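Working through the structure, step by step
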Amino acid sequence: GAGVSQTPSNKVTEKGKYVELRCDPISGHTALYWYRQSLGQGPEFLIYFQGTGAADDSGLPNDRFFAVRPEGSVSTLKIQRTERGDSAVYLCASSALGRSPLHFGNGTRLTVT
Amino acid sequence: AQSVTQPDIHITVSEGASLELRCNYSYGATPYLFWYVQSPGQGLQLLLKYFSGDTLVQGIKGFEAEFKRSQSSFNLRKPSVHWSDAAEYFCAVGPNFGNEKLTFGTGTRLTIIP
């Protein structure tokens, strides 16, 4: 079946611009996570949704970052006034109820020039 | 705060040789431990996880890991590696309740030589 889909796969933007990254989770998965992976590092937790609400956004680095999941399915990560330090691979993952494992997408590589 | 240390940045092994990747964690309660593999351009794939019970856990692709509470370790092993095992391997720790807010290590890159 279809896995977690992330679009675009690559995004190049200029410093100061606004970007949106999209995540389509596996159908029926209620939990959705965003992680960020910088070069040479492991993924770092950003935000977690259970249904439509953000259950934990403690990993968002500052108020330039925001994420939504209005209908409990697709999620969009929004970054305002991008900075070169935002360059990274942004990973989305989803899971079903309980302790089922995370299913990761292939990520969106964001480059801020 | 929870943390994961993977002391080996890069490991090279010959095809057919045995493999052990090290992982040490710091966590204030009973941990929920994972190993993930990431091939170039691919998403993370779960190899195995430990939640409770038998401390030796079996995963996919012939991998296993052993939880040692006394050493705060969760090392990954494989008796005989294949060229297709070349990838980046990440150890992660998470809470043993509710959600998968994981803390990952920095990863170990595995190279296989013929």
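Preceding this section is the structure that the text describes.
Residues numbered from 1 in each chain as written. Chains lettered and ligands numbered in written order. Predicted model: local features only at pLDDT ≥ 70, side-chain atom pairs only at ≥ 80, totals over all residues. Heavy atoms only, no water.

**Focus: the interface of chain B and chain A**
Residue-level contacts link 22 residues of chain B with 20 residues of chain A. Taken together, both faces of the contact between chain B and chain A bury some 1,700 Å²; the carbon and sulfur share is 50%. When the area that chain B buries against chain A is broken down by residue, the three leading residues are Leu44(B), Glu100(B) and Lys101(B), summing to 33%. A salt bridge links Asp56(A) to Lys101(B), with the shortest nitrogen-to-oxygen separation between them at 3.1 Å. Applying the counting criterion to the chain B and chain A interface returns five residue pairs in polar contact (both at pLDDT 80 or more). Among the elements of the structure, strand S5 (32-38) and strand S6 (44-50) of chain B are those that each provide at least two residues to the side of chain B that touches chain A. Classifying every residue of the side of chain B that touches chain A by side-chain character gives ten nonpolar, nine polar and three charged. (Contact = heavy atoms within 4.5 Å. Buried area = accessible area lost by both parts, 1.4 Å probe. Salt bridge = Lys/Arg side-chain N within 4 Å of Asp/Glu carboxyl O. Polar contact = N/O pair within 3.5 Å; in protein donor to acceptor, adjacent residues only side chain to side chain. Helix = DSSP H or I, 4+ residues; strand = E, 2+ residues; numbered from the N terminus. Nonpolar A, V, L, I, M, F, W, Y, C, P; charged D, E, K, R; others polar.)

**As for the layout of surface pockets**
Within this model, the largest pocket holds a volume of roughly 610 Å³. Considering the residues around the largest pocket, the lining is formed by 29 residues, among which Gln37(A), Val89(A), Arg109(A), Gln38(B) and Gly41(B) are closest to the centre. Breaking the lining of the largest pocket down by element, the ones donating at least two residues are strand S9 (88-95) and strand S11 (108-112) of chain A together with strand S10 (87-94) and strand S12 (108-113) of chain B. The biggest single contributor to the lining of the largest pocket is S11(A), with four residues. Within the lining of the largest pocket, the residues separate by chemical class into ten nonpolar, 16 polar and three charged. Approximately 270 Å³ is the volume attributed to the second largest pocket. What lines the second largest pocket is a set of 16 residues, and nearest its centre among them are Pro43(A), Glu44(A), Phe45(A), Leu102(B) and Thr103(B). Among the secondary structure elements, those contributing two or more residues to the lining of the second largest pocket are strand S5 (44-50) of chain A together with strand S11 (103-104) of chain B. Of the residues forming the lining of the second largest pocket, the biggest block, three residues, is contributed by S5(A). (1 Å grid on protein atoms, 1.4 Å probe; cavity = no way out; pocket = protein on both sides within 12 Å on 5 of 7 lines; lining within 4 Å. Points joined across faces, edges and corners; volume = space filled by probe spheres on them.)

As far as function goes, none of this settles anything; it's purely spatial.
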